[in-house]
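# Close look at the chain arrangement
Listed below, chain by chain, are the residues.
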Amino acid sequence: MSPSPNAVTRRMTVRLRLTLLYGGLFFAAGFLLLTVAYVLVTNILEGLPIEVRTTDPFGISQQEQQAIRQSFIDNAQHRLITQSAFALIGVGLIALALGWFVADRALAPLQKVTATARKLSESTLHERIALQGPEDEIKELADTFDAMLERLNEAFDAQRRFVGNASHELRTPLAINRTLLEVALTDPEASEDLRSVGRTLLANNARHERLIEGLLLLARSERELTTRTAVDLSDVATMVLKTSVREDRPDVEIVTELTSGPTMGDPVLLEHLVSNLIDNAVRYNADDGMVVVRTGVLDGWATCQVENTGPVVPAYEVQSLFEPFRRLNTDRIESSKGAGLGLSIVRSVAAAHGGTVVATPREGGGLIVTVRLPKA
């Protein structure tokens, strides 16, 4: 089935459409000019006093003279049309080529607007088009886009400041509660019922503290990086594996395949990125499961990949796992395994470093999460 005219029009770029418009207008104007020239030349030729001379002593008749005159005019008209048409086609092709380059130059500011819009994210809203040039419609569009980015940047900054301030304000009472509960549990005269309630409250308080810490880290990772140093992902992974204590899942085996993966970034944020990947893989794992941690360079990117066994993850659920407070099967409240911020923090830290994170379901259950960062 051939594509519809509307589909063809949608596939045509603005540059091509402008070029065709320029060419169409040029050929239309050239055709009009050729028509006017044909009419004028015809009128001039018909008004010329053309005399036919001959060596025949008897001369030629009036009809023969008229026939010769008309033949001359017809020949001149034919040559005029033929040569003018070739000239119009040649100059028209040159006009199309010039129109193609002129359209590209005219659309260059719009291409700059498009390129800026493509690379924007919450962490790059500080970038501006800052178009220089005459005060025309394109300059007005770019300035309007810059003003919109300014408002968006202020809104996101206000949101991040609110999350950060609220998290800081909540940490103090939680720390006080934890201290009081720990002191109460060390009281030798406390009853078993009181100790049971205290342990439950302490576990609940610890969960809230993890949530607050996650919110603080998420708010920090979404800001523009102020520190960039040389970091090797293999060193980061080694440090995380040495310092992390996972007494709740001693049955999970961790296998490492670490090679050098140099990048530039914030070492603390990158340590949190790797730690969240590994913690998430261990926490949501099968009994006697396995976690494989890999680092290295893949396709020119410093890469950290964490693979784990675990429950089967439907492909349509994978992207939702990167949203804050989302867990598998949309479990938000019932799960006590974590705050639901692990993969959100991973994605935010990767984006702040100009990288990407991709998760794919593992055959047999579990996930394979791959983080790629610019290679140093």
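Residues numbered from 1 in each chain as written. Predicted model: local features only at pLDDT ≥ 70, side-chain atom pairs only at ≥ 80, totals over all residues. Heavy atoms only, no water.

Turning next to the side chain of Asn 308. Tracing the backbone through its elements, the reader meets Asn 308 in strand E5 (residues 301–308). At 3.2 Å, the side chain of Asn 308 forms a polar contact with the backbone oxygen of Ala 281. A polar atom in the side chain of Asn 308 sits 3.0 Å from the backbone oxygen of Tyr 284. (Helix = DSSP H or I, 4+ residues; strand = E, 2+ residues; numbered from the N terminus. Polar contact = N/O pair within 3.5 Å; in protein donor to acceptor, adjacent residues only side chain to side chain.)

Let us look at the pattern of salt bridges. Here the structure, examined in full by the defined rule, presents seven salt bridges. In this structure, the salt-bridge partner of Asp 143 is Lys 139, at a minimum N-O distance of 3.0 Å. With Asp 143 and Lys 139 both in helix H4 (residues 137–185) and four residues apart, the pair spans about one turn of that helix. Under the relative-accessibility criterion, Asp 143 is labelled partly exposed at 32%. Among the salt bridges present, the one from Glu 307 reaches Arg 294, with a minimum N-O distance of 3.0 Å. With Glu 307 in strand E5 and Arg 294 in strand E4 (residues 290–298), this residue pair connects regions lying 13 residues apart in the sequence. It is possible to trace a salt-bridge network through shared partners that takes in Glu 257, Arg 294, Glu 307 and Arg 362. (Salt bridge = Lys/Arg side-chain N within 4 Å of Asp/Glu carboxyl O. Buried < 20%, exposed > 50% of the residue type's maximum accessible area, 1.4 Å probe, protein only.)

Don't take any of this as a statement about function, it's just geometry.
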